[in-house]
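# A look at the structure
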Amino acid sequence: MKKTLLSVIAFLFLFAIVACSNDSSNSTNTNSNENETKNENTEAPKQTQDTVSIVMWSAPDTFNPYFSQGNYGKYAGGELVLDTLLDYDPEYNFIPGLAKDYKVSDDGLEYTIILDENATWHDGEPFTADDVAFTLKSIMDPEWTGTGYVSLALVKGAQDYKDGKADDVPGIEVVDEHTIKITLNTPYAPFLEAVGKGLWILPEHAFENVNVADIATADFSKNPVGTGPVKFVKYATDQYVEYDANENYFLGAPEFKKLILRIMTPDLALAAFEAGEIHATTRTGIGTINISDHQKIQELDNVEVTVFDTMSYQTMTVNTTKDYLSDKRVRQAIMHGIDRVAIVEQLLQGKGKVAYGPIAEESPWFNDDLPSYDHDPEKAKQLLEEAGWDFNRTVTLSVPKGNIIRERSAPLIQQYLQAIGMKVELEYMDFPTLMELMEKQELDMALLGTSTGMVDPDSNIYPFFHSSQFRPAGWNTASFTDSHLDELLEAGAIETDQERRKEIYDEVQSIVADELPYIYLYYEQSIGAVSKELKNAVPNQVGIEWNIYDWSFNE
């Protein structure tokens, strides 16, 4: 059964709860070996015509996506096992998920969501509106430690519930078994995406007798139960995740019997494609082909290769709480000092674009009047001198291990900055450690990748710039504060007039481009690959698995 369109282009309403680490290193795995039988052979199941194998660069840290540090756990436990109320096709049109329809009141305050009555949980329990209400209220609970609350902050009664001042949320009403109504305090332009695509629905019965504070460590984090197209079977630590096809999937049963999510580095993945052991890449930043391997994989006769644009981009976060990095002229000097064009042309081999801010040029929300910050070492030196920079000071650039292109960019950036008089030392570390140190505001600068997978400006800016979004609540890793920017972000989220909204976000981008708490390096293109044995799987920026139930093998 094919998904049918619910809406046209989705750029008007959107919020992402995640940001992408883009880290292909083996991140710390908190699940240990608890999903394995002792002394069990952890070799992946044998390849058959009923088994699809896909690749992910690094291990999931949990299978509860709301508590994953990066995108590996979100993918392994969220995108494959759980479902959202709505989904996207590759053109960012809304298509049905757990919701088969919805209605929005004329004043933009009431959202009535009609659920698919054919959806069931993998353990056979029925899926109902109570599960949706449970998920939303859990995220609003004072003891909730995961992501997602920003998407729900404007729901009527949410803040009182979050503050422990109320026992219930009047803005969440279960109308009947398959209908739920959500009422907002004020219109929120991206709300449909925020809740429809941004939140995974959790099974209420799986958390029976579990306090909200303990949801992160509940058994679900190791043995997830969902409504999605595949069912979790086992996790062989750091090796693979095994799933069975959900033969009762409400959008149509997959034609394969088993899915194996192989965990391997990009170089091993290339060899596995050549050997016919892998059928498809997954998502940008967690399981695509390295640019350096593009030519090699194109030469394989058994693989179709696709190069596609993405919403992913690489930045250098600057810790604005450090007094020597707090002057925007220092950050502007860094921007002028780095030859971003050379990085795109040489390191990315032209598969990317120079980035000017948090919104891609292809987006209708892009401000085309932003400064370009061309490579100008003399201008950079002048700005450092004006800012009173101590040229004897050494600053540290921290680099998460694993993403080869990003690792290779670090010494280039170091050389560019040293050419303008900044002494820079590099330190490499695993992603969880880097994020922990950044949360403590201990790092100077760090290379990070971001991928909201969304188009609306609220999703691409608010989590990274609003003063309420310091880690772990959000992704303001630069610890940047600007009261006027906060006001604009809050106004943009509730403004329903699109022309006025564009004006607001143009001003937001201008402030961001002037202050530069993040040094924007480049927007990435991704290289996806699919075995010629597999039909209907096409790599794209919303995720190759969007139509996984339609995948099949060639005869």
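This section reports on the structure supplied with the text. (Residues numbered from 1 in each chain as written. Predicted model: local features only at pLDDT ≥ 70, side-chain atom pairs only at ≥ 80, totals over all residues. Heavy atoms only, no water.)

## A few points about the overall build of the chain
Check the secondary structure of the chain and you find 15 helices and 18 strands. Out of the 555 residues belonging to the chain, those deemed buried represent 61%. Within the chain, contacts between residues separated by at least 24 positions form 73% of all contacts whose residues are at least 6 apart in sequence. Entry remark: accessible area of the chain is about 21,100 Å², with carbon and sulfur atoms responsible for 44%. (Helix = DSSP H or I, 4+ residues; strand = E, 2+ residues; numbered from the N terminus. Buried < 20%, exposed > 50% of the residue type's maximum accessible area, 1.4 Å probe, protein only. Contact = heavy atoms within 4.5 Å. Areas by Shrake-Rupley, 256 points an atom, 1.4 Å probe, with all protein chains shown as cover.)

## Focus on the sheet that holds strand β6 (residues 172-176)
Taken in spatial order, the four strands line up as β4-β5-β7-β6 in an open sheet, and their pairing is antiparallel. Strands with a single pairing partner mark the edges of an open sheet, and in this sheet they are β4 (99-104) and β6. Strand-to-strand twist in this sheet, taken as the mean axis angle between neighbours without regard to direction, amounts to 20°. One ladder, built from five bridges, connects strand β5 (residues 110-115) with strand β7 (residues 179-183); its direction is antiparallel. In the strand pairing of β7, T112 is matched with K181. Running at roughly 175° to β6, helix α2 (residues 129-140) makes contact with β5, β6 and β7 of the sheet. (Pairing = 2+ DSSP bridges. Axes fitted to C-alpha atoms, helices over the stretch in contact; angles between N-to-C directions.)

## Some details on the packing of aromatic side chains
The geometry of an aromatic ring pair is captured by the separation of the ring centres together with the interplanar angle, meaning the angle of the planes. Taken as a whole and judged by the stated rule, the model has 19 aromatic pairs. Look at Y249 and Y549: their rings are 6.1 Å apart centre to centre, the planes differ by 40°, and that puts the pair in the tilted class. Taken as a pair, Y249 in the loop between β9 (240-245) and β10 (258-263) and Y549 in the loop between β17 (534-535) and β18 (552-553) lie far apart in primary sequence, 300 residues in all. With a relative accessible area of 6%, Y249 lands in the buried category. Ring geometry for W365 versus Y505: centroids 6.2 Å apart, planes at 75°, classification edge-to-face. Taken together, the residues W365 in the loop between β12 (352-354) and α10 (377-386) and Y505 in helix α15 (residues 498-515) connect sequence positions 140 residues apart. The same class applies to W365 and to Y505, which are both buried. Counting every residue linked through ring pairs, the aromatic cluster contains F63, F232, Y235 and Y243. Above the plane of the ring of Y149 lies K162, whose end atom (NZ or CZ) is 4.8 Å from the centre. (Phe/Tyr/Trp six-rings, centres within 6.5 Å; stacked < 30°, edge-to-face > 60°. Lys NZ or Arg CZ within 6 Å of the ring centre and 35° of its normal.)

## Focus on the side chain of T84
Looking at the element boundaries, T84 is found in the loop between α1 (72-79) and β2 (86-88). You can call T84 buried: its relative accessible area is 7%. Among the polar contacts listed, one links the side chain of T84 to the backbone oxygen of L86, at a separation of 2.5 Å. Apart from the residues within four sequence positions on either side, T84 is in contact with G97, L98, G196, K197, L199 and W200. (Polar contact = N/O pair within 3.5 Å; in protein donor to acceptor, adjacent residues only side chain to side chain.)

## Digging into the packing of helix α13 (residues 457-465) against helix α14 (residues 483-494)
In contact at an axis separation of 11 Å, α13 and α14 are set at 145° when each is read in the N-to-C sense. In this structure, α13 crosses over α14, and the sense of that crossing is left-handed. Mapping the contact onto sequence places D458, I461, Y462 and F465 in α13 and L485, D486, L489 and A493 in α14. Looking at the contact of α13 with α14, its residues break down into six nonpolar, no polar and two charged. (Left-handed = near helix turned anticlockwise from the far one by under 90°. Nonpolar A, V, L, I, M, F, W, Y, C, P; charged D, E, K, R; others polar.)

## Description of the pattern of salt bridges
All told, the structure shown has 18 salt bridges when counted by the stated rule. Of the charged contacts in the structure, one is a salt bridge between D327 and R329, with a shortest N-O distance of 2.8 Å. For D327, a relative accessible area of 21% gives the class partly exposed. Residue classification places R329 among the partly exposed positions, given a relative accessible area of 30%. Where D456 meets R501, a salt bridge forms, and the shortest distance between an N and an O atom there is 2.9 Å. Here D456, found in the loop between β15 (445-450) and α13, pairs with R501, found in helix α15; they are 45 residues apart in sequence, far enough to count as distant. (Salt bridge = Lys/Arg side-chain N within 4 Å of Asp/Glu carboxyl O.)

## With respect to unusual backbone geometry
Positive phi outside glycine occurs at L516, with the angle close to 50°. Mapped onto the elements of the fold, L516 is located in the loop between α15 and β16 (518-531). By relative accessible area, L516 is classed as buried at 0%. The phi dihedral of N536 is positive, around 75°, even though this residue is not glycine. With respect to the element layout, N536 can be found in the loop between β17 and β18.

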